[in-house]
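Working through the structure, step by step
One-letter residues, chain by chain:
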Amino acid sequence: MSVTTNHVKRAFKYRFHPTHAQAAELSRTFGCVRKVYNLALAARTEAWARQERVNYNQTSAMLTAWKKTGELAYLNDVSSVPLQQTLRHLQAAFTNFFARRVKYPRFKSRKKSRKSAEYTSSAFRFRDGKLTLAKMTEPLAVVWSRPLPEGMAPSTVTVSQDAAGRWFVSLLCEDPSVRPLPATGQAVGVDVGLDHLLTLSTGEKIANPRHERRDRTRLAKAQRNLARKARGEGANRRKARLKVAKIHARIADRRRDMLHKLTTRLVRENQTIVIEDLTVRNMVKNRILARAISDAAWAQFRGLLEYKAAWYGREMIAVDRFFPSSKLCSHCGTLQEKMPLSVRTWTCDCATTHDRDVNAAKNLLAAGLAVSACGAGVRPQRRTPGGQSATRHEPSRREP
């Protein structure tokens, strides 16, 4: 989702129910998209081994040649636009790889990769609230759960099918209704956790609904049933796999809905939001807490908060993960030597009693405001148990 000075490009996602012919056509398109992506990646990988680079234009010429071969002639049976788009996506993946933002692109698996195809405006027709894709004679039966921006036509359409068998269409449109909100002057520190999903510097605690735990018994039963099925492409194993996927989808839907509501509320109420810059992918390596951390979806929470803050003219600040927010007294600035996770309340030498999470949120807020005023390398003044005060200036320790 991109932001410009005058408008926001926003994706509107809807369920739809294809006919048997449409489902077959889309399934063929998904397969061809995956095949072209893998062929192009293989060609670029071979060139990379020879210390050569292949760009999008060269892979596009390769696609034309592949279509003329007898082995790959079936690529002509689907719209060429999604095939060209997957080459553009591969080009973007290599651009990010060369910029050292991501790892080397991986091949798409038939079973595990996301099934999707992207259509540009030349490959679909959107008229009178009806969407018709290339190679199709009938419009898709879309469930229009909310209206598109009035007078705005989609620039791209992405069709996908999730592991639970549900079909979705995502329309990318300019949304003039998204504009900066009136300034509130409010600032809040947010500490994420497991006992409570969020603790705010105001003292408010938001319960962790533990979506995965609510369905854990049903999920375990469905997974045991799947494990008993003979491996292969049998109908019974396919049904068991679908049942597991539906449970996972229900958990993910509830989690996403809750996070959208939380982040929207935080952005509407506060001008500045301060969080901790956590490395979730490293934290989930803890085998004891990995399941709970994944269920809390801290990374998803941050992603939603970031783009909504950009949309509505709010400031979001991520404080260095090594800042000792839990061990620092928010009242006097004294730094405690140790603070085990089992300690939920503690009393400082200044006789102030702290709730661990509320105190951490207050310290995050203070650190975030200091960063906003003085720069990313500044940490607020604090005193050690020995009584010496110091203001530390350190470079932000973030992953490249």
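Predicted, not measured: the structure shown is a model, and the values here were computed from it.

**Side note on the overall build of the protein chain**
- Check the secondary structure of the protein chain and you find ten helices and 16 strands.
- With the C-alpha coordinates aligned to their principal axes, the bounding extent of the protein chain is approximately 80 × 50 × 50 Å.
- Relative to its full complement of 400 residues, the protein chain shows a buried share of 43%.
- Expressed as a percentage of contacts within the protein chain between residues at least 6 apart in sequence, the contacts between residues at least 24 apart total 69%.
- A total accessible area of about 22,700 Å² is found for the protein chain, and carbon and sulfur atoms account for 51% of it.

**Looking at empty space enclosed by the protein**
- A complete count under the given rule lists three cavities of 30 Å³ or more for this structure.
- In this structure, the second largest cavity spans a volume of roughly 50 Å³.
- Forming the boundary of the second largest cavity are R44, W48, E52, R53, V54, F94 and F98.
- Elements that contribute at least two residues to the lining of the second largest cavity include exactly α1 (20-49) and α3 (80-98).
- The residue inventory of the lining of the second largest cavity, partitioned by class, reads four nonpolar, no polar and three charged.

**With respect to a positive patch on the surface**
- On the surface, R218, K221, R224, R228 and K243 cluster together into a patch of positive charge.
- Sorting elements by how many residues they give to the positive patch places helix α5 (residues 216-227) first, with three residues.

**Describing α3**
- Between its terminal C-alpha atoms α3 stretches 28 Å, which fits the 27 Å expected from 19 residues at 1.5 Å a residue.
- Among all positions in α3, only V81, P82, L83, Q84, Q85, T86, L87, L90, A93 and F94 are buried.
- Its buried side turned inward, α3 meets α1, α2 (56-67) and β3 (115-120).
- Capping of α3 at its N-terminal end is provided by S79; its side-chain oxygen lies 3.3 Å from the backbone amide nitrogen of V81.
- A positive phi of about 65 degrees marks R100, the residue just after α3.

**Overview of the pattern of salt bridges**
- A full pass over the atoms with the stated rule returns 19 salt bridges.
- E212 is the salt-bridge partner of R291, the closest N and O atoms lying 2.8 Å from each other. Highlighted residues: R291 in helix α8 (residues 290-296) and E212 in helix α4 (residues 211-214), separated in sequence by 79 residues.
- Classification of E212 as buried rests on a relative accessible area of 9%.
- The salt bridge partner of D253 is R256, with a shortest N-O separation of 2.5 Å. Placement of the pair is D253 and R256 together in helix α6 (residues 235-269), with a separation of three residues, close to one helical turn.
- Within the structure, one salt-bridge network assembled from shared partners comprises D162, R166, D253 and R256.

**Digging into the UniProt feature "domain: Cas12f1-like TNB" (unreviewed entry) in the protein chain**
- Here the UniProt feature "domain: Cas12f1-like TNB" (unreviewed entry) sits at residues 298-364.
- Overall, residues 298-364 shows 34% helix and 16% strand. The separation of its end C-alpha atoms is 16 Å.

**Focus on the packing of α5 against α6**
- Where α5 contacts α6, the axes come no closer than 9 Å and their chain directions differ by 160 degrees. It follows that α5 is roughly antiparallel to α6 by the angle criterion. Remark: the crossing between α5 and α6 carries left-handed chirality. Residues R218, L219, A222, Q223, N225 and L226 of α5 lie in contact with α6, whose contacting residues are R237, A240, R241, K243, V244, I247, H248 and R250.

**Examining α5**
- Helix length check: α5, at twelve residues, gives a terminal C-alpha distance of 16 Å against a target of 16 Å (1.5 Å per residue), a fit within 8%.
- Listing the buried residues of α5 in full gives L219, A222 and L226. Buried residues of α5, viewed axially, fall in a sector of 70 degrees; they line one side. For α5, the exposed residues lying more than 90 degrees away from the buried face are T217, K221 and A227.
- Among the structural elements, α4 and α6 are those in contact with the buried residues of α5.

**Remarks on the pairing of strand β8 (residues 187-192)**
- Counting buried positions along β8 gives five out of six residues, so the element sits mostly inside the fold.
- Direction of pairing for β8 relative to strand β11 (residues 272-276): parallel, over a ladder of three bridges. Paired with A187 across the two strands is T272, which belongs to β11.
- Relative to strand β9 (residues 196-200), β8 runs antiparallel, the two sharing three bridges. Of the residues in β9, the one forming a bridge with V192 is L198.
- The antiparallel hairpin formed by β8 and β9 contains three residues in its connecting segment.

**A look at the layout of surface pockets**
- The computed volume of the largest pocket comes to approximately 1,200 Å³.
- In terms of lining residues, the largest pocket is bounded by 37 residues, among which K13, R146, D253, R256 and H260 are the most central.
- Looking at the lining of the largest pocket, the element that brings in the most residues is α6, giving eleven residues.
- Looking at the lining of the largest pocket residue by residue, the class counts come to 17 nonpolar, eight polar and twelve charged.
- Shared between two domains, the lining of the largest pocket holds at least three residues of each, these being domain 1 (8-175) and domain 2 (187-209 + 254-374).

**Overview of the nonpolar core**
- Counting 40 residues, the largest nonpolar core has L26, L133, V159 and V169 as its most contacted members.
- Tallying contributions element by element places α1 first for this core, with nine residues.
- Discounting chain neighbours no more than four positions away, the residues touching V169 are F12, K13, Y14, F16, L131, V142, V157, T158 and V159.

Cut-offs applied
- Residues numbered from 1 in each chain as written.
- Predicted model: local features only at pLDDT ≥ 70, side-chain atom pairs only at ≥ 80, totals over all residues.
- Heavy atoms only, no water.
- Helix = DSSP H or I, 4+ residues; strand = E, 2+ residues; numbered from the N terminus.
- Buried < 20%, exposed > 50% of the residue type's maximum accessible area, 1.4 Å probe, protein only.
- Contact = heavy atoms within 4.5 Å.
- Areas by Shrake-Rupley, 256 points an atom, 1.4 Å probe, with all protein chains shown as cover.
- 1 Å grid on protein atoms, 1.4 Å probe; cavity = no way out; pocket = protein on both sides within 12 Å on 5 of 7 lines; lining within 4 Å.
- Points joined across faces, edges and corners; volume = space filled by probe spheres on them.
- Nonpolar A, V, L, I, M, F, W, Y, C, P; charged D, E, K, R; others polar.
- Patch = residues over 30% accessible without salt bridge, like charges linked within 9 Å, V, L, I, M, F, W, Y side chains within 5 Å.
- Salt bridge = Lys/Arg side-chain N within 4 Å of Asp/Glu carboxyl O.
- Lys, Arg positive; Asp, Glu negative; His and termini not counted.
- Charge placed at Lys NZ, Arg CZ, Asp CG, Glu CD.
- Expected span 1.5 Å × (residues − 1).
- Polar contact = N/O pair within 3.5 Å; in protein donor to acceptor, adjacent residues only side chain to side chain.
- UniProt positions renumbered as here; feature names shortened; annotations may be inferred.
- Axes fitted to C-alpha atoms, helices over the stretch in contact; angles between N-to-C directions.
- Parallel < 35°, antiparallel > 145°, perpendicular 65-115°, else oblique.
- Left-handed = near helix turned anticlockwise from the far one by under 90°.
- Arc of directions from axis to C-beta.
- Pairing = 2+ DSSP bridges.
- Domains from an automatic or database assignment.
- Core = buried A, V, L, I, M, F, W, Y, C linked by side-chain atoms within 4.5 Å.

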